[in-house]
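# Structure assessment
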Amino acid sequence: KRQQFLKGKPIKELLVPGLTLQFQNLTSFWLDLNPQLAFKIAGRWQAGLGWNERFAYQLKAREWDIENRMYGMRGFVHFKLKENFWLKADAEKMNAPLRATPIMGSEIIGRGWIWTYFAGIKKDFQFSKYLKGNVQTMYNIYNPDKRSPYVNRLNVRIGFDFPLYKKNRNKPARGVDQYNP
């Protein structure tokens, strides 16, 4: 028989909010913040949506770099390989600066919506009952016209997941009476 993973589970067991961070440095310091919400589809599958927001700060000028700001939606799918290892795929559509040449430090000529696709692996770490950390190594597999808003094709991200529900392992089995003094 096939296991019916979703049957009878409350919604808080199936949702996993999280936050992913990515740091980059080119002409200014870039911090990408990605709040997200994952949904457990089956025992080994998760899918979700998130919002990606890039904050850019010029260290030499000590001011915010508004031209390099980026924002947009990110969708993802995870497949669990082993205990703490996941295959991961991301698709995102970002409003980002368009450059005169494909070189990342070149002059910005406008803004536009850019599709980017990533594939990679994710490793989870358990910090506490309600906090999981992860490291993601992602490769930019789709970069049409070399307009990707990322400095490198290989990207490393760190993330945190905040499970809404954790089973109590000390709870007695159903139908078993406990002695209460």
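I will try to describe carefully the structure that is included in this document. (Residues numbered from 1 in each chain as written. Predicted model: local features only at pLDDT ≥ 70, side-chain atom pairs only at ≥ 80, totals over all residues. Heavy atoms only, no water.)

### Side note on the overall build of the protein chain
Across its full length, the protein chain carries 1 helix and 9 strands. Counting every position in the protein chain, which comprises 181 residues, the buried fraction comes to 33%. Looking at the protein chain as shown, the accessible area adds up to about 11,800 Å², and 59% of this sits on carbon and sulfur atoms. (Helix = DSSP H or I, 4+ residues; strand = E, 2+ residues; numbered from the N terminus. Buried < 20%, exposed > 50% of the residue type's maximum accessible area, 1.4 Å probe, protein only. Areas by Shrake-Rupley, 256 points an atom, 1.4 Å probe, with all protein chains shown as cover.)

### So, the pattern of salt bridges
Throughout the structure, instances matching the rule amount to 7 salt bridges. A salt bridge links arginine 69 to glutamate 53; its shortest N-O distance comes to 2.7 Å. Taken as a pair, arginine 69 in the loop between strand S4 (63–64) and strand S5 (70–80) and glutamate 53 in strand S3 (residues 45–58) lie far apart in primary sequence, 16 residues in all. Overall, arginine 69 belongs to the partly exposed group, its relative accessible area being 36%. Overall, glutamate 53 belongs to the buried group, its relative accessible area being 12%. Three or more residues joined by partner-sharing salt bridges are found here, namely Lys88, Asp90 and Arg157. (Salt bridge = Lys/Arg side-chain N within 4 Å of Asp/Glu carboxyl O.)

### Overview of the pairing of strand S7 (residues 108–128)
Pairing of strand S6 (residues 85–99) with S7 involves 15 bridges; the strand directions are antiparallel. From the neighbouring strand, lysine 93 faces S7, where its bridge partner is tryptophan 115. For S7 and strand S8 (residues 131–142), the ladder comprises 11 bridges, and the chain directions are antiparallel. Paired with lysine 122 across the bridge in S8 is glutamine 136. Between S7 and S8, which pair antiparallel and follow one another directly, the connecting turn spans 2 residues. (Pairing = 2+ DSSP bridges.)

### A word on unusual backbone geometry
Although it is not a glycine, arginine 62 adopts a positive phi angle of roughly 55°. Positionally, arginine 62 belongs in the loop between S3 and S4. With relative accessibility at 68%, the residue arginine 62 sits in the exposed group.

### With respect to empty space enclosed by the protein
Scanning the entire structure with this criterion turns up 1 cavity of 30 Å³ or more. What the largest cavity holds in volume is close to 30 Å³. Lining of the largest cavity is provided by Val16, Gly18, Gln36, Ala38, Gln46, Phe76, His78, Lys122 and Asp161. Among the residues making up the lining of the largest cavity, the classes are represented as 3 nonpolar, 4 polar and 2 charged. (1 Å grid on protein atoms, 1.4 Å probe; cavity = no way out; pocket = protein on both sides within 12 Å on 5 of 7 lines; lining within 4 Å. Points joined across faces, edges and corners; volume = space filled by probe spheres on them. Nonpolar A, V, L, I, M, F, W, Y, C, P; charged D, E, K, R; others polar.)

### Looking at the packing of aromatic side chains
One pass over the full model with this rule turns up 9 aromatic pairs. Taken together, a centroid distance of 5.2 Å and an interplanar angle of 75° make the contact between tyrosine 57 and tryptophan 64 edge-to-face. Here tyrosine 57 falls in the partly exposed class, since its relative accessible area comes to 25%. For tryptophan 64, a relative accessible area of 56% gives the class exposed. When the ring of tyrosine 117 is compared with that of tyrosine 142, the centres are 5.1 Å apart and the planes differ by 70°; the resulting orientation is edge-to-face. Placement of tyrosine 117 in strand S7 and of tyrosine 142 in strand S8 is noted, with a sequence separation of 25 residues between them. On the accessibility criterion, tyrosine 142 (38% relative accessible area) is partly exposed. One aromatic cluster is present, built from ring pairs that chain together Trp51, Tyr71 and Trp113. Taking NZ or CZ as reference, lysine 122 lies 5.4 Å from the ring centre of tryptophan 86, over its face. Taking NZ or CZ as reference, arginine 157 lies 4.6 Å from the ring centre of phenylalanine 118, over its face. (Phe/Tyr/Trp six-rings, centres within 6.5 Å; stacked < 30°, edge-to-face > 60°. Lys NZ or Arg CZ within 6 Å of the ring centre and 35° of its normal.)

Fair warning: the whole summary comes from geometry, so function is off the table for now.
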